[in-house]
Amino acid sequence: MKKTLGKLKNIAAKKIIIATVGLADPTDKENVENIRKSLVRQLSKEVFESARIFHLRGAIDYSRLNLKLKMMMALLVKKVKSLPPEKQNAETRAMLETYGKQVDFIDFESLRQIEAAI
């Protein structure tokens, strides 16, 4: 994202809309804070402060992941399982509950907010 937005000229004059998509529940305040922290690391201050940012839920089918992604997820899940329950958050608990499964949280109605911003 940093590379792509870095190529834009006169970014202050542009309308920037960013949609994050993941399994984390965007109605959970802690999840949104984590997503925004990640965006701050990837975007310039100017872009982050002027962009309209939307958080959507997606889907995953672990059986369709390539070997590299399957291995990465297995390592991540192993790490999360080793955390004491009080250190786990809603995002990590959701990962453990859905790991290895096919899940779909897509809500096409949530796109209306982006449509309105355009």
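Please read all numbers here as calculations on a predicted model, not as lab measurements. (Residues numbered from 1 in each chain as written. Predicted model: local features only at pLDDT ≥ 70, side-chain atom pairs only at ≥ 80, totals over all residues. Heavy atoms only, no water.)

Caption draft 1: Spotlight on the environment of Thr 4. Relative to the helices and strands, Thr 4 is located in helix 1 (residues 2-6). Note on Thr 4: relative accessible area 55%, which makes it exposed. Along the sequence, Thr 4 and Ile 106 sit 102 residues apart, while their C-alpha atoms lie 26 Å from each other. (Helix = DSSP H or I, 4+ residues; strand = E, 2+ residues; numbered from the N terminus. Buried < 20%, exposed > 50% of the residue type's maximum accessible area, 1.4 Å probe, protein only.)

Caption draft 2: Spotlight on a nonpolar patch on the surface. On the surface, Ile 106, Phe 108 and Leu 111 cluster together into a nonpolar patch covering about 310 Å² of accessible area. On the secondary structure map, Leu 111 appears in the loop between strand 4 (102-104) and helix 6 (112-117). (Patch = residues over 30% accessible without salt bridge, like charges linked within 9 Å, V, L, I, M, F, W, Y side chains within 5 Å. Areas by Shrake-Rupley, 256 points an atom, 1.4 Å probe, with all protein chains shown as cover. Salt bridge = Lys/Arg side-chain N within 4 Å of Asp/Glu carboxyl O.)

Caption draft 3: Broad picture of helix 2 (residues 29-42). For helix 2, with 14 residues, the first-to-last C-alpha span of 20 Å sits near the 20 Å given by 1.5 Å per residue. Turning to helix 2, its buried residues are Asn 31, Val 32 and Leu 39. Down the axis of helix 2, the buried set is contained in an arc of 95°. They therefore lie on one face. Away from its buried face, by an angle of more than 90 degrees, helix 2 presents the exposed residues Lys 29, Lys 37 and Arg 41. On its buried face, helix 2 is in contact with strand 1 (17-22), helix 3 (45-50), strand 2 (52-57) and helix 5 (90-98). Measuring from the side-chain oxygen of the N-cap residue of helix 2 to the backbone nitrogen of Glu 30 gives 2.9 Å; that N-cap residue is Asp 28. (Expected span 1.5 Å × (residues − 1). Arc of directions from axis to C-beta. Contact = heavy atoms within 4.5 Å. Polar contact = N/O pair within 3.5 Å; in protein donor to acceptor, adjacent residues only side chain to side chain.)

Caption draft 4: Summary view of the pattern of salt bridges. Under the counting rule described, the total for this entry stands at 2 salt bridges. We note a salt bridge from Arg 112 to Glu 109, for which the minimum N-O separation is 3.0 Å. Among the ionic contacts, a cluster of salt bridges with common partners joins Glu 109, Arg 112 and Glu 115.

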